[in-house]
Amino acid sequence: MRNDRYSRQLLFSGIGGDGQERLSRAHVVIIGCGALGAMQAEMLARAGVGRLRLIDRDFVEESNLHRQVLFEESDAAARLPKAVAGAARLARINSDISVEPLVRDANQTNIEQMIGDVDLVIDGTDNFETRYLINDAAVKLSKPWVYGAAVGAHGVQMTIRPRITPCLRCIFPEMPAPGTSPTCDTAGVILPIIATIAAAQVTEALKLLTGREAQLHGALLQYDLWENRFSRLRIDKMGPQQGCRTCDDGIYDFLGTRAGQMVTSLCGRNAIQISPPEPAPVELPKLAEQLRNIGEVSYNAYLLKFRTGEFELTIFPDSRCLIRGTDDQMVARSLYARYLGT
Ligand SMILES: [Zn+2]
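Computed from a prediction, not measured in an experiment: that's the story for all the values here.

A.B. asks: Would you explain the environment of threonine 203 in this entry?
C.D. replies: Mapped onto the secondary structure, threonine 203 falls in helix 11 (residues 191-209). Taking the C-alpha atoms as reference points, threonine 203 and threonine 109, 94 residues apart in sequence, are found 30 Å from one another. For threonine 203, the side chain forms a polar contact with the main-chain oxygen of alanine 199, separated by 2.6 Å.

Pasting the structure below:
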């Protein structure tokens, strides 16, 4: 059964029988099961990766369906957690493998546990905060991780092997401030760029899992499918950068007890406050422009109010945010990531 199932993959000389055997023994965690994560999960499940852990804090919504290929209308109608709906779909695709869904918010209290026992970490997240968190934990625990991001028709991909290649902070030392980068929820996204970046990530994953490290592309890949621009910035000769706080100094800022967003429930008010660890200036007029097409926006010099569906976000110039309409911290962090990008 197995030989037939994977016969065309076994024929591919890059994988072969030995590679397939390695894939069946591999354990991979996908952090974030939105557009990128859903597509990665399906490809890895079909390829026969033996154990997959899916981590996501969100529920399936109708507006996900144009790009999140694991989910169906019935998942959105039932408001199923993405990790749970995704695991059910993967079980129907490949019953030989085991899939562990975790409905969790990856943060500094649990990230090391989430990645500590796997062979490889794949980035399916939608925000910088979680990527810097993954980078710190992956470098600390010497786990390779496969970075990827997409918004609009533009995407980037890079593969990080701790202490061998540059890490995320070697290339981008500081996390962008909240509200400064477009997100799929403010600038939109099309499925082809998701497919392109997920394909690059999964191919890199297959090379790592089958021991074909020499085949890794060794670059920061950038694609813009709409503007027809592609670039490959070679980083394979660079190695870890001197002065990088993470891989040179061994300081894991994002794993510290004071790192990460401070999330406070405002008791009895059905509201949550999110304060970034280091306040960063937000240009309210610019943010208003980004949000104008997707909800009701108003602002003055002191705050910006944004209403979308049942939620109201009040954003202050120091990047603090009050979210009304929920008392669930995971929902609040997810909304912050969607509209402010961290
Ligand atoms: Zn580094």
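A.B. asks: Mind showing me how you'd approach the coordination of the zinc ion here?
C.D. replies: Working reference: metal with six octahedral donors, ideal angles 90 or 180 degrees; metal with four tetrahedral donors, ideal angle 109.5 degrees. Each protein donor to the zinc ion is listed here as Cys167 (SG), Cys170 (SG), Cys244 (SG) and Cys247 (SG); together their distances run 2.3 Å. Here the zinc ion is ringed by four donor atoms whose angles at the metal span 94 to 119 degrees, and the overall shape comes out tetrahedral. Written as a sequence motif, the donor residues of the zinc ion are C-x2-C-x73-C-x2-C. Across this residue pair, the class does not change: cysteine 167 and cysteine 170 are buried.

A.B. asks: What is the right way to read the pairing of strand 7 (residues 219-224) from this model?
C.D. replies: Remember that side chains alternate between the two faces of the sheet whenever the strand is regular. Of all six residues that make up strand 7, five are buried, and the element is covered over most of its length. As defined by bridge partners, strand 6 (residues 154-160) adjoins strand 7 across four bridges and the pair is classed as antiparallel. By the bridge assignment, glutamine 157 is partnered in strand 7 with leucine 221. Sheet topology places strand 7 next to strand 8 (residues 229-234); six bridges connect them, and they run antiparallel. Counterpart to leucine 221 in the pairing with strand 8 is arginine 232.

A.B. asks: In this structure, what is going on with the domain arrangement of the protein? I would like to understand it.
C.D. replies: For interface size, the figure often reported is the accessible area lost on association. Looking at the assigned domains, one finds that the protein contains domain 1 (2-255) and domain 2 (262-340). Placing the centre of domain 1 and that of domain 2 at their C-alpha centroids yields a distance of 27 Å. Counting from both sides, the interface comprises 18 residues of domain 1 and, opposite them, 17 residues of domain 2. For the pair domain 1 and domain 2, the summed buried surface comes to about 1,600 Å²; carbon and sulfur atoms form 50% of the total. Applying the counting criterion to the domain 1 and domain 2 interface returns two salt bridges. Measuring nitrogen to oxygen at the nearest pair gives 2.6 Å for the salt bridge that ties arginine 338 to glutamate 61. Taken together, the links from domain 1 to domain 2 amount to six residue pairs in polar contact (both at pLDDT 80 or more). Split by residue class, the side of domain 1 that touches domain 2 holds four nonpolar, seven polar and seven charged.

A.B. asks: What exactly am I supposed to notice about the packing of helix 4 (residues 35-47) against helix 11 here?
C.D. replies: Contact geometry of helix 4 with helix 11 gives a least axis separation of 9 Å together with a crossing angle of 45 degrees. Here helix 11 runs oblique to helix 4, going by the angle between their axes. Considering how the two elements wind past one another, helix 4 and helix 11 form a crossing that is right-handed. Along the contact surface, helix 4 presents Ala35, Leu36, Met39, Gln40, Met43, Leu44 and Ala47, while helix 11 presents Leu191, Ile194, Ala195, Ile197, Ala198, Ala199, Gln201, Val202, Ala205 and Leu206. Its residues placed into classes, the contact of helix 4 with helix 11 shows 15 nonpolar, two polar and no charged.

Conventions used here
- Residues numbered from 1 in each chain as written.
- Predicted model: local features only at pLDDT ≥ 70, side-chain atom pairs only at ≥ 80, totals over all residues.
- Heavy atoms only, no water.
- Helix = DSSP H or I, 4+ residues; strand = E, 2+ residues; numbered from the N terminus.
- Polar contact = N/O pair within 3.5 Å; in protein donor to acceptor, adjacent residues only side chain to side chain.
- Donors = N, O, S within 2.8 Å, 3.2 Å for Na, K, Ca; no water.
- Tetrahedral: all angles 85-135°; square planar, octahedral: opposite > 155°, others 65-115°.
- Buried < 20%, exposed > 50% of the residue type's maximum accessible area, 1.4 Å probe, protein only.
- Pairing = 2+ DSSP bridges.
- Domains from an automatic or database assignment.
- Contact = heavy atoms within 4.5 Å.
- Buried area = accessible area lost by both parts, 1.4 Å probe.
- Salt bridge = Lys/Arg side-chain N within 4 Å of Asp/Glu carboxyl O.
- Nonpolar A, V, L, I, M, F, W, Y, C, P; charged D, E, K, R; others polar.
- Axes fitted to C-alpha atoms, helices over the stretch in contact; angles between N-to-C directions.
- Parallel < 35°, antiparallel > 145°, perpendicular 65-115°, else oblique.
- Left-handed = near helix turned anticlockwise from the far one by under 90°.

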